[in-house]
Amino acid sequence: PRRLPLLRRSNISVLATNQTLNYYDKYELNLISLGDRNNLDEIGANLFAALRAADENADYIFAEGFTEEGVGSAIMNRLQKASAGMVIYI
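Please read all numbers here as calculations on a predicted model, not as lab measurements. Sequence order sets the numbering: in each chain, residues are counted from 1 along the sequence as written. Given that this is a predicted model, residues contribute local features only at a pLDDT of at least 70 and side-chain atom pairs are listed and counted only at 80 or more, while totals for whole chains, interfaces and linings are drawn from all residues. The basis for every side-chain value is the complete set of non-hydrogen atoms in the structure, without hydrogens or water.

A. Inspection of the overall build of the chain at higher detail. Numbering of helices and strands runs from the N terminus, with a helix taken as a DSSP run of H or I at least four residues long and a strand as a DSSP run of E at least two residues long. When you go through the chain residue by residue, the secondary structure sums to two helices and three strands. Along its sequence from the N terminus, the chain presents helices and strands in the succession β-β-α-β-α. Relative to the compact-globule value of 12 Å for 90 residues, the chain shows a C-alpha radius of gyration of 13 Å, a close match. Each residue gets one of three labels from its accessible area relative to the maximum for its type: buried under 20%, exposed over 50%, partly exposed in between, using a 1.4 Å probe on protein chains only. For the chain, the proportion of its 90 residues judged to be buried stands at 29%. For this analysis, residues touch if any pair of their heavy atoms sits within 4.5 Å. Excluding contacts between residues fewer than 6 apart, the proportion of contacts in the chain whose partners are at least 24 apart in sequence is 50%. Where accessible areas are quoted, they stem from the Shrake-Rupley method and a 1.4 Å probe; at the residue level, only the protein chains shown are allowed to cover. Surface summary for the chain: the accessible area is close to 6,500 Å², and the carbon and sulfur share equals 49%. The chain carries 9 positive and 11 negative side-chain charges, and their two centres are separated by 11 Å. Radius of gyration here uses only the C-alpha atoms, and the compact-globule reference equals 2.2 Å multiplied by the residue count raised to the power 0.38. Positive charges come from Lys and Arg alone, negative charges from Asp and Glu alone, with His and the N- and C-terminal ends not counted. In plain terms, the charge of a residue is placed at NZ if it is Lys, CZ if Arg, CG if Asp and CD if Glu.

B. View of the pattern of salt bridges. Any carboxyl oxygen of Asp or Glu that lies within 4 Å of a side-chain nitrogen of Lys or Arg is treated as forming a salt bridge with it. For the coordinates displayed, the defined rule picks out one salt bridge. Across the pair E64 and R37 runs a salt bridge whose closest N-O atoms are separated by 2.6 Å. With E64 in the loop between β3 (60-63) and α2 (71-82) and R37 in the loop between β2 (30-35) and α1 (40-57), this pair connects stretches of sequence that are 27 residues apart. Taking the relative accessible area as the measure of exposure, E64 reaches 13% and is therefore buried.

C. Representation of the nonpolar core within the structure. L15, L34, I43, L47, F66, I75 and L79 are the most contacted members of the largest nonpolar core, which totals 13 residues. Those elements that place two or more of their residues in this core are β2, α1 and α2. Ranked by residues supplied to this core, first place goes to α1 with six residues. For I75, the residues in contact, after removing those within four places along its chain, are L40, I43, G44, L47 and F66. Among the nonpolar cores identified, the runner-up in size contains five residues, and I12, A16, L21 and Y60 belong to it. Put simply, buried Ala, Val, Leu, Ile, Met, Phe, Trp, Tyr and Cys residues joined by side-chain atoms within 4.5 Å make one nonpolar core.

D. The arrangement of the pairing of strand β1 (residues 12-17) in detail. For β1, a buried count of six out of six residues is recorded, marking the element as mostly surrounded by other parts of the structure. Going residue by residue along β1, you find I12, V14 and A16 tucked away on one face and S13, L15 and T17 tucked away on the opposite face as well. Two strands qualify as a pair provided DSSP detects at least 2 bridges between them. Where β1 and β3 come together, four bridges link them in parallel fashion. Note that in β3 the partner of V14 across the bridge is F62. One ladder, built from five bridges, connects β1 with β2; its direction is parallel. Across the sheet, the residue bridging to A16 is S33, located in β2.

These figures capture arrangement, not role.
Written out as structure tokens, the structure reads:
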């Protein structure tokens, strides 16, 4: 497995749903909402703009995962391509 370099002193963006954004409040992160976790169509519509916004100033981008059924499959496919295959499952 590939190891991430030390993340300290890095600009980190997190793409998360409205339901989980508050989990990251205590950290110094660039938080970007993808929308409501229960509305995968909304998340799919917001994903490209969120990735572009995160990419502007982030050394690392972390994103929430989604079910790989229906629209969720397309979302996960886009995230996997954007990550160049560097996926961390937690």
